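Chain by chain, the residues:
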Number of protein chains: 2
Amino acid sequence: MSMADIKHFDEAQALRRAMDLFWRRGYDGTSLQDLVDELGISRSSLYSTFGDKDELFRAALEHYCRVEAGPRHELLQRPGSVLDAIRDLLTGIAAAPTIHPDRRGCLVVNAAMERVPGDPETAAAVAAQLGRFESALLDAVRRGQRDGELDPGQDARSVARFLVTLVQGMRVVGKAAADPAMLEDVVGVALGAIRRVS
Amino acid sequence: MSMADIKHFDEAQALRRAMDLFWRRGYDGTSLQDLVDELGISRSSLYSTFGDKDELFRAALEHYCRVEAGPRHELLQRPGSVLDAIRDLLTGIAAAPTIHPDRRGCLVVNAAMERVPGDPETAAAVAAQLGRFESALLDAVRRGQRDGELDPGQDARSVARFLVTLVQGMRVVGKAAADPAMLEDVVGVALGAIRRVS
DNA sequence: AGTATCTTGGACTATGCGTTCCAAGTTCCC
DNA sequence: GGGAACTTGGAACGCATAGTCCAAGATACT
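Now for a quick tour of the structure. In this text, all values refer to a predicted model and were calculated from it rather than measured experimentally. (Residues numbered from 1 in each chain as written. Chains lettered and ligands numbered in written order. Predicted model: local features only at pLDDT ≥ 70, side-chain atom pairs only at ≥ 80, totals over all residues. Heavy atoms only, no water.)

As for the protein's contact with DNA strand C
Around DNA strand C, the structure places 22 residues, and the nearest of them are His 8 and Ser 44 of chain A together with Leu 32, Arg 43 and Lys 53 of chain B. Residue Ser 44 of chain A places a side-chain N or O atom 2.5 Å away from a base oxygen belonging to DNA strand C. Here a phosphate oxygen of DNA strand C and a side-chain polar atom of Lys 53 of chain B are 2.6 Å apart. Elements that contribute at least two residues to the surface near DNA strand C include exactly helix 3 (43–50) of chain A together with helix 3 (43–50) of chain B. A breakdown of the residues in the surface near DNA strand C according to their chemical character gives nine nonpolar, seven polar and six charged. (Near = heavy atom within 4 Å. Polar contact = N/O pair within 3.5 Å; in protein donor to acceptor, adjacent residues only side chain to side chain. Helix = DSSP H or I, 4+ residues; strand = E, 2+ residues; numbered from the N terminus. Nonpolar A, V, L, I, M, F, W, Y, C, P; charged D, E, K, R; others polar.)

Listed below in structure tokens is the structure:
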């Protein structure tokens, strides 16, 4: 293998920029020219490095799951109060529209709504991500029930699924309604729903 | 005004078919040729009747709100148990993926995710629809609290917003995950969250 | 220094898109 | 029956798109 095959650009940075572009404008809303301009590389390099538009989109989606969603799942494994961890998770999602006032929402939800049905690979990636979120929450809920913070009378898996679903709803509402107070109200009700009645 | 201006096609039926097409395939996923083929009318008639693609999409979205969402709001005004009405509402939405196995989801959510940001008119229509849903739920929640079915200790508006958000999440999960049991679990937890503790 | 190998930019291709336009056809009024 | 008003189908237009290709440049090994 010769060593003239050095890339003249930062592949990781290009992927990050592609993720950002797809996140803000969606799949159809992002043209190949947009990508060429924003990533700062030529079409040839884009195709030889990332494959076609579909592959790049999927890579961007995976990168999003790793960088954006991953830390939130780890937050649930934090030692100490599970209820606090879940509260932090939910308030963080409630604050997303404030952090990103451009109404970009969540790339996973955007991808699911725009690409399902019609792109089975993206559909599978989204379903897998929801599954990972559910199992991370399931562990946390079980721990919370053991620690006496969460209501032990509820089925842990149902509670985890409830939280997964609520978070996706917060993503939709955060993008569509853009009233920060609304999501804070929602968080309050949700926490009351899972807390142990004392 | 002369009377040679009779349409040779059923305008209401065409709008229904356009709604169905946008619902299944999204805005960008539906080409004007698709519309011409499915609606059974020519390009000229389409443009002279509905305006351009944006206008037709908005009309289809409004039609959806009237035909699909409207009856659900009225369901909440049903005499008798509010808790039963909310349960029926939620289980109906949980059953949506079974009724439409093609993973079409909800046109309002699809539209919001695909068109926001970038189409302020659609964004406004979606926000208005969420607002109508919230106020319909607010009336129901207040009634349920008066009747002693719902927990009167919770802020009624927060509960309404919670339900709005949860339903949007059920739309996302129903389209992305397609496990009917999952949403039934969610409904159970949600009903427990708002029910009066007896 | 020369050569082989790989990357790069940009021109190029083919296709599909939304929109416009016009001749032909149809209907009603006089 | 003649003419005005309107709808209709289909051709045509300009433009944007995703993807391909190739000459030119850069690098490392002999």
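Next comes the rest of the write-up.
Considerations on the relation of the copies chain A and chain B
Aligned on chain B, chain A shows an RMSD of 0.0 Å; the corresponding rotation is 180 degrees and the shift along the axis is 0.0 Å. Put plainly, the chains are arranged around a two-fold axis. When C-alpha positions in chain A are compared against the rotation axis, the closest is assigned to Gly 169 of chain A, at 1.7 Å. The fraction of interface residues of chain A whose copies in chain B are also interface residues reaches 100%, indicating that both copies meet through the same surface. (Least-squares fit on C-alpha atoms with pLDDT ≥ 70 in both. Contact = heavy atoms within 4.5 Å.)

With respect to the packing of aromatic side chains
On inspection of all chains with the given rule, the structure shows nine aromatic pairs over all chains. Ring centres 5.0 Å apart and planes at 80 degrees place the aromatic pair Trp 23 of chain A and Tyr 64 of chain A in the edge-to-face group. Here the residue Trp 23 of chain A occupies a position in helix 1 (residues 11–25), and Tyr 64 of chain A occupies one in helix 4 (residues 53–75), the gap between them amounting to 41 residues. On the basis of relative accessible area, Trp 23 of chain A is assigned to the buried category, the value being 4%. A relative accessible area of 2% places Tyr 64 of chain A in the buried class. Arranged with centres 5.0 Å apart and planes meeting at 90 degrees, the rings of Phe 22 of chain B and Phe 57 of chain B form a pair that is edge-to-face. One end of the pair, Phe 22 of chain B, is in helix 1 (residues 11–25); the other, Phe 57 of chain B, is in helix 4 (residues 53–75), with 35 residues separating them in the sequence. For Phe 22 of chain B, a relative accessible area of 1% puts it in the buried group. With relative accessibility at 2%, the residue Phe 57 of chain B sits in the buried group. The residue whose ring lies beneath Lys 53 of chain B is Tyr 27 of chain B, and the NZ or CZ to ring-centre distance is 4.3 Å. (Phe/Tyr/Trp six-rings, centres within 6.5 Å; stacked < 30°, edge-to-face > 60°. Buried < 20%, exposed > 50% of the residue type's maximum accessible area, 1.4 Å probe, protein only. Lys NZ or Arg CZ within 6 Å of the ring centre and 35° of its normal.)

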